[in-house]
Amino acid sequence: MSTQSPTPQSRPSNTGHHSGHNHSSQGQSLDQALQQAGFYPRLVADVVNDALDGRDCLSHLVHLETHFDRAEVRRHITVLVLTEDMLVITHVDDQQLDEAGEQIVAQISTESVPVAQIRSVVLSYIYAQPQDYKPSDPVRELTVSIAWSGGQRLDMGPASCGDPQCEADHGYTGTIAQEDIVLRISAEADGLQAVQDAKVFARALRAVNTGQQTPVPHAGIPAPRPRSGVFSNRLSRGHQR
């Protein structure tokens, strides 16, 4: 991965303000969200436009992951765009080909999933100090899990009987979860507005998937240029969990 990739603009922390009562609108348009992420925004916008095939954006979720690996800074952006009939997923990484960082390539994958094929939308919440919970308290962390292909994740671990002195082999225990994509949005890392935007996106996805009233399209990236072909390939990258 390149260490020369552009540094994302600072995200507002919003730690002193709770915007959780806004249940219908997102804080930014899709284009604004890509600009704020700052990870090759023009390239990402063009790729997303290409994958939308002229469809209107009903809701979106932009998530930038940053990982530090010794001297390298690795970034990955995931863009989910919901239309009336499709969920369009775009992943973008960059890779440095030389030590000087002068030769960089972007690795991009897109997938278009009919909303009718989506099997489940799971939201996992984390609240701080639940014993003091008030309706105005914000969600501190939100994980969005979406399944559509029937793929499953298996988490295994040694089973135990609860007796700390027991040395018998109790085999293994585990859980199976259906998920094709998992995104974790943290108020501490991404800001409270990002958590709220993820909740709005999940609600819009559920509404379209279950045949409820379709959300009103909002301002996003300008309409894509006419093109002669459609590019679509299966995701080839594991997701951070």
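Sequence order as written defines residue numbering, which begins from 1 separately in each chain. Given that the model is predicted, a residue must reach a pLDDT of at least 70 before its local features are reported, and side-chain atom pairs must reach 80 or more before they are shown or counted; all residues, however, enter totals for whole chains, interfaces and linings. With hydrogens and water excluded, all non-hydrogen atoms of the structure serve as input to the side-chain values.

1. Regarding the overall build of the chain
Argument step 1. Secondary structure elements follow DSSP: runs of H or I of four or more residues count as helices, runs of E of two or more count as strands, with numbering from the N terminus. Along its length, the chain carries four helices and nine strands.
Argument step 2. Listing every helix and strand of the chain by position from the N terminus yields α-α-β-β-β-β-β-β-β-β-β-α-α.
Argument step 3. Should any heavy atoms of two residues lie within 4.5 Å, those residues are counted as being in contact. Put simply, of all contacts in the chain between residues at least 6 apart along the chain, 70% involve residues at least 24 apart.

2. Thoughts on the packing of aromatic side chains
In this description, a pair of aromatic rings is defined by centroid distance and the angle of the planes.
Argument step 1. Each aromatic pair joins two rings of Phe, Tyr and Trp (for Trp, the six-membered one) with centres within 6.5 Å, and gets the label stacked for planes under 30 degrees apart, edge-to-face for over 60, and tilted for any other angle. In this structure the tally under the stated criterion is three aromatic pairs.
Argument step 2. Taken together, a centroid distance of 4.8 Å and an interplanar angle of 55° make the contact between phenylalanine 39 and tyrosine 40 tilted.
Argument step 3. Note on tyrosine 125 and tyrosine 127: the rings are 6.4 Å apart at their centroids and 25° apart in plane angle, and the pair reads as stacked.
Argument step 4. The cut-offs for exposure are 20% and 50% of the maximum accessible area for each residue type, with area from a 1.4 Å probe on protein chains only; residues under the lower value are buried, those over the upper are exposed, and the others partly exposed. Assessed through its relative accessible area of 39%, tyrosine 125 is described here as partly exposed.
Argument step 5. For tyrosine 127, a relative accessible area of 34% corresponds to the partly exposed category.
Argument step 6. Here the aromatic cluster, defined as three or more aromatic residues joined through ring pairs, consists of Tyr125, Tyr127 and Tyr133.

3. Quick word on the environment of leucine 205
Argument step 1. Inspection of the secondary structure puts leucine 205 in helix 4 (residues 192–209).
Argument step 2. Look at leucine 205 and you get buried, because its relative accessible area is 0%.
Argument step 3. Along the primary structure leucine 205 and leucine 82 are separated by 123 residues, whereas in three dimensions their C-alpha atoms are 6.8 Å apart.
Argument step 4. Once residues lying within four places of it in the same chain are set aside, the contact partners of leucine 205 are Leu82, Ile118, Val121 and Ile146.

4. Thoughts on the pattern of salt bridges
Argument step 1. In the sections that follow, a salt bridge refers to a side-chain nitrogen of Lys or Arg positioned within 4 Å of a carboxyl oxygen of Asp or Glu. Taken as a whole, this structure holds four salt bridges when the rule is applied.
Argument step 2. Between aspartate 85 and arginine 55 there is a salt bridge, with its nearest N and O atoms 3.0 Å apart. Of this pair, aspartate 85 sits in the loop between strand 2 (72–82) and strand 3 (86–96) while arginine 55 sits in the loop between helix 2 (41–52) and strand 1 (59–69), placing them 30 residues apart in sequence.
Argument step 3. Of the residues examined, arginine 55 reaches a relative accessible area of 30% and is grouped as partly exposed.
Argument step 4. Glutamate 141 is the partner of arginine 184 in a salt bridge, and the nearest nitrogen-oxygen pair spans 2.8 Å. With arginine 184 in strand 9 (residues 181–186) and glutamate 141 in strand 6 (residues 141–147), this residue pair connects regions lying 43 residues apart in the sequence.
Argument step 5. Under the relative-accessibility criterion, arginine 184 is labelled partly exposed at 44%.
Argument step 6. One connected set of salt bridges, linked through shared partners, spans Asp53, Arg55 and Asp85.

5. What to know about the sheet that holds strand 9
Argument step 1. By the convention used here, strands pair only if DSSP detects at least 2 bridges between them. A sheet is described by the order of its strands in space; here three strands give the open sequence 5-6-9, paired in antiparallel fashion. Each edge of the open sheet is held by one strand with a lone partner, namely strand 5 (120–126) and strand 9. Averaged over all neighbouring strand pairs, the angle between strand axes comes to 15°, with direction disregarded.
Argument step 2. With six bridges joining them, strand 6 and strand 9 adopt antiparallel strand pairing. The residue bridging valine 144 from the neighbouring strand is leucine 183, located in strand 9. Axis angles are defined between N-to-C directions and span 0 to 180 degrees, where every axis is a line fitted to C-alpha atoms and, for a helix, only to the segment in contact.

6. A word on helix 1 (residues 30–37)
Argument step 1. Those residues of helix 1 not exposed but buried are Leu30, Ala33, Leu34, Gln36 and Ala37. The buried residues of helix 1 occupy an angular sector of 165° when the element is viewed end-on, so they sit on one face.
Argument step 2. Positive backbone phi, approximately 70°, marks glycine 38, located one or two places after helix 1. Here, the arc refers to the directions that run from the helix axis to the C-beta atoms.

7. So, the confidence of the model for the chain
Argument step 1. pLDDT expresses, on a scale from 0 to 100, how confident the predictor is about each individual residue. Summing up the model confidence of the chain, the mean pLDDT is 77 and the portion of residues at 70 or higher is 69%.
Argument step 2. Throughout residues 1–23 the model reports pLDDT below 50, and contacts reaching past four residues in sequence, or to other chains, amount to 63 contacts.

8. A word on the nonpolar core
Argument step 1. Within the largest apolar cluster, 28 residues are counted, with the highest numbers of intra-cluster contacts made by Leu80, Leu87, Ile118, Ile146 and Phe201.
Argument step 2. Elements with a contribution of two residues or more to this core: strand 2, strand 3, strand 5, strand 6, strand 9 and helix 4.
Argument step 3. Examining the composition of this core, we find that eight residues originate from one element, helix 4, more than from any other.
Argument step 4. Ignoring any residue separated from it by four or fewer positions in sequence, one finds phenylalanine 201 in contact with Gln26, Ser59, His60, Leu61, Leu80, Leu82, Leu87 and Ile146.
Argument step 5. Val44, Ala51, Val79 and Val81 belong to the second largest nonpolar core, which has 19 residues in total. Only buried residues count toward a nonpolar core. Its members are Ala, Val, Leu, Ile, Met, Phe, Trp, Tyr and Cys residues joined through side-chain atoms within 4.5 Å.

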